[in-house]
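Close look at the chain arrangement
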Amino acid sequence: QWIIHGLGLALIALIMGGNLYLDHRRIEHNEKALLLLQTRTVQKVLDQNLTALDAVLQDLGTHAFKDGVPVDINPRLSILATALSGVRTLTVVDAGGIIRASNRPELIGRDASHRDYFPALKNSSDPDMLHVSPPFRTSLGTFTITLGRRISDPGGAFAGLVNAALDPHAFEPLLSSVLYAPDMRASLLHADGTVFLMLPGHDAAGGGNPARPVSLSDRRRTSVLASGALVDTADDGGERRMLAARAIHPPGLSLSAPLVVGVSRDEQAVFADWRTAALLQVGLDLGVVLSSSLLLMGFQKRQRANEREIARAAKALA
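Owing to the predicted nature of the structure, the values given are computational and were not obtained by experimental measurement.

With mixed pairing, six strands are arranged side by side in an open sheet as S4-S3-S9-S8-S5-S14. Two strands in the sheet have a free side with no partner beyond their single neighbour: strand S4 (99-102) and strand S14 (254-255). By the bridge criterion, three bridges tie strand S3 (residues 87-94) to S4 in an arrangement that is antiparallel. Residue pairing across strands places Thr 91 opposite Ser 102, the latter belonging to S4. Along the sheet, helix H1 (residues 2-63) contacts S3, strand S5 (129-132), strand S8 (146-152) and strand S9 (158-166); its crossing angle with S8, the most-contacted strand, is approximately 35°. Across the face of the sheet, helix H2 (residues 74-83) comes into contact with S3 and S4 while running at roughly 150° to S3.

In structure tokens:
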């Protein structure tokens, strides 16, 4: 009886454990797929923005100089900077590194040759390259990423560049729109790992720069850049997080370095309801084990008493 009882309880526990395991896998798969979908949403929007911005920069480059002389396009730059999503500043730089036109008059005449983007575009052999700089602090004290295109003269020599500086705060609504739970984080970073914007709890414009945004280690960032997308689970500051990341590299654009968007969730929060259900089922299972064992013990005790009564009766009859 106890063997049959034990086998029955083991079968119940096996079925219950299998269901819990399958539920855990289903929740994990669905959550990772949803996180990956959120990164896809950000990617589509940024792909469109970068493609439109590249077209504007290319057009500005053809009208910035006439016979080697800078053209006054400051009013046009002011209009475009207002119309373009996420763009804070537009500048035109000549071959010597001097800013010749900008929607911000205080920048005109300043030397930009010390910025990393200047030698990168000057020495580039790709005339169609859209240079994406790592985040840095500008001379105006603002935090930005610049996207620049080379301007070439009719002979193909370097004649200057046209640059667009991005405003991190302009991308906050986009990243906020993919946060559907309070434990989530979303970040936008350069391919070198430098954070441009992270929500919530991180102000890149304030100078913050966590080394491992949303668990995007060097190995995972390399994997994202190689494959285009990544979904994983990893430790992040002592907590386990589900992470989805995707490279922002619009088709048809020759980017010097892509941007990366990452979205993550706290694993504890993801499985909170599952743990509650699991504890309830384990409690019910223990209740079944205890109650059935007590019933079997009581049944066997009564059975032994009956057997003794029958034995005494048989002895008395004999």
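Here Gly 238 lies in the loop between strand S12 (229-236) and strand S13 (239-248). Residue Gly 238 is classed as exposed on the basis of its relative accessible area, which comes to 78%. In sequence terms Gly 238 and Ser 217 are 21 residues apart; their C-alpha atoms lie 14 Å from each other.

The next subject is the nonpolar core. Within the largest apolar cluster, 50 residues are counted, with the highest numbers of intra-cluster contacts made by Leu 90, Val 92 and Leu 147. Contact partners of Leu 90, with chain neighbours within four places excluded, come to Leu 57, Leu 60, Leu 77, Leu 80, Ala 81, Leu 84, Ala 101, Ser 102, Asn 103, Asn 163 and Ala 164. Core analysis: the second largest hydrophobic core is formed by eleven residues, Ile 99, Leu 107, Ala 112 and Met 129 among them.

Along helix H5 (residues 218-227), the positions that sit buried rather than exposed are Arg 220, Arg 221 and Val 224. Projected down its long axis, H5 shows its buried positions confined to an angular sector of 100°, all on one face. Of the exposed residues in H5, those oriented more than 90 degrees away from the buried face are Arg 219, Thr 222, Ala 226 and Ser 227. Directly after H5, the chain includes Gly 228, whose backbone phi takes a positive value near 95°.

A few words on the layout of surface pockets. Roughly 310 Å³ of internal volume is contained in the largest pocket. Only S3 and S9 provide two or more residues apiece to the lining of the largest pocket.

To continue, consider the packing of aromatic side chains. The description of an aromatic ring pair rests on the distance of the ring centres and on the angle between the ring planes. According to the stated counting rule, one finds four aromatic pairs in the structure shown. Centroid distance Phe 118 to Phe 158: 5.6 Å. Interplanar angle 80°. Geometry classified as edge-to-face. Linking Phe 118 in helix H3 (residues 117-122) with Phe 158 in strand S9, this pair joins segments that are 40 residues apart in sequence. Residue Phe 158 is classed as buried on the basis of its relative accessible area of 14%. Judged by centre distance (6.1 Å) and plane angle (65°), the ring pair of Phe 171 and Phe 196 falls under edge-to-face. Of the two residues, Phe 171 is situated in the loop between S9 and helix H4 (172-176) and Phe 196 in strand S11 (residues 195-199); the sequence distance between them amounts to 25 residues.

Analysis parameters
- Residues numbered from 1 in each chain as written.
- Predicted model: local features only at pLDDT ≥ 70, side-chain atom pairs only at ≥ 80, totals over all residues.
- Heavy atoms only, no water.
- Pairing = 2+ DSSP bridges.
- Helix = DSSP H or I, 4+ residues; strand = E, 2+ residues; numbered from the N terminus.
- Contact = heavy atoms within 4.5 Å.
- Axes fitted to C-alpha atoms, helices over the stretch in contact; angles between N-to-C directions.
- Buried < 20%, exposed > 50% of the residue type's maximum accessible area, 1.4 Å probe, protein only.
- Core = buried A, V, L, I, M, F, W, Y, C linked by side-chain atoms within 4.5 Å.
- Arc of directions from axis to C-beta.
- 1 Å grid on protein atoms, 1.4 Å probe; cavity = no way out; pocket = protein on both sides within 12 Å on 5 of 7 lines; lining within 4 Å.
- Points joined across faces, edges and corners; volume = space filled by probe spheres on them.
- Phe/Tyr/Trp six-rings, centres within 6.5 Å; stacked < 30°, edge-to-face > 60°.

These figures come from the coordinates and say nothing about function on their own.
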